[in-house]
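Read off the chains here:
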Amino acid sequence: RKEVEQDPGPFNVPEGATVAFNCTYSNSASQSFFWYRQDCRKEPKLLMSVYSSGNEDGRFTAQLNRASQYISLLIRDSKLSDSATYLCVVPRGNAGNMLTFGGGTRLMVKP
Amino acid sequence: EAGVAQSPRYKIIEKRQSVAFWCNPISGHATLYWYQQILGQGPKLLIQFQNNGVVDDSQLPKDRFSAERLKGVDSTLKIQPAKLEDSAVYLCASSRRDSRREKLFFGSGTQLSVL
């Protein structure tokens, strides 16, 4: 299994739809996880952190399934402005901030 | 607060030439990272500094890539000689410290095209 694996998409959804992405990881010792958002030709920016079973922030919910070693990102009531690439990020090793980025999942929200 | 500064924004060189990128992290951030992002892929860590020391450079192609952060503040990444496959965006990021709970702040990147 790759360190971090994501479906590259693109996911094409209409405005208002609910969409979910999964990300699988290989390091069973990983404790904290992140979703970063990257707009076209821009730098990645932190969207959400996931430290325990899950985290919710407005329309965004991130969940962690340690047994199956995956994290998910759920976006409700999609907006046009949600169109971006969503990068799953997993720590490498057991200490420090060495991070492995997934290849990203591209989301296109259409009117 | 000022963000992570990188220059140049774009660079076009021919293969076998040399190139250098510069990064100035957010003031007070002890940890600095250089990532390579090839089109359609996620960022790949090249090197991580904690102050002026190297934390991880296991994925840095040391035969052609070098990086330094001599005074523990700004950093340069050099490629000598460049290959076609080095065409990518080189992203610099910083965080307050080397902790897995620290948020990374990225610069706008340097887009390198090797012809």
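Treat the numbers as computed from the prediction; the structure is a model and nothing was measured.

A. Inspection of the interface of chain B and chain A at higher detail. Taken together, the contact pairs 27 residues of chain B with 23 residues of chain A. Buried area between chain B and chain A, both sides added, is near 1,900 Å², and the carbon and sulfur share of it is 47%. Inspection of the chain B/chain A interface yields 0 salt bridges. On the surface where chain B and chain A come into contact, there are 2 residue pairs in polar contact (both at pLDDT 80 or more). When contributions to the side of chain B that touches chain A are tallied by element, the ones reaching two or more residues are strand 4 (31-37), strand 5 (44-50) and strand 9 (88-95) of chain B. No other element matches strand 4 of chain B, which puts 3 residues into the side of chain B that touches chain A. Residue composition of the side of chain B that touches chain A, by class: 7 nonpolar, 12 polar and 8 charged.

B. Summary view of the sheet that holds strand 1 (residues 4-6) of chain A. Residue and element names in this part refer to chain A. Strand order in this open sheet of 5 strands is 1-3-8-7-6, and the pairing throughout is antiparallel. The open sheet has two free edges, formed respectively by strand 1 and strand 6 (54-57), since each of these has just one partner strand. Averaged over all pairs of adjacent strands, the angle between strand axes in this sheet comes to 15°, irrespective of strand direction.

The rules behind each value
Residues numbered from 1 in each chain as written. Chains lettered and ligands numbered in written order. Predicted model: local features only at pLDDT ≥ 70, side-chain atom pairs only at ≥ 80, totals over all residues. Heavy atoms only, no water. Contact = heavy atoms within 4.5 Å. Buried area = accessible area lost by both parts, 1.4 Å probe. Salt bridge = Lys/Arg side-chain N within 4 Å of Asp/Glu carboxyl O. Polar contact = N/O pair within 3.5 Å; in protein donor to acceptor, adjacent residues only side chain to side chain. Helix = DSSP H or I, 4+ residues; strand = E, 2+ residues; numbered from the N terminus. Nonpolar A, V, L, I, M, F, W, Y, C, P; charged D, E, K, R; others polar. Pairing = 2+ DSSP bridges. Axes fitted to C-alpha atoms, helices over the stretch in contact; angles between N-to-C directions.

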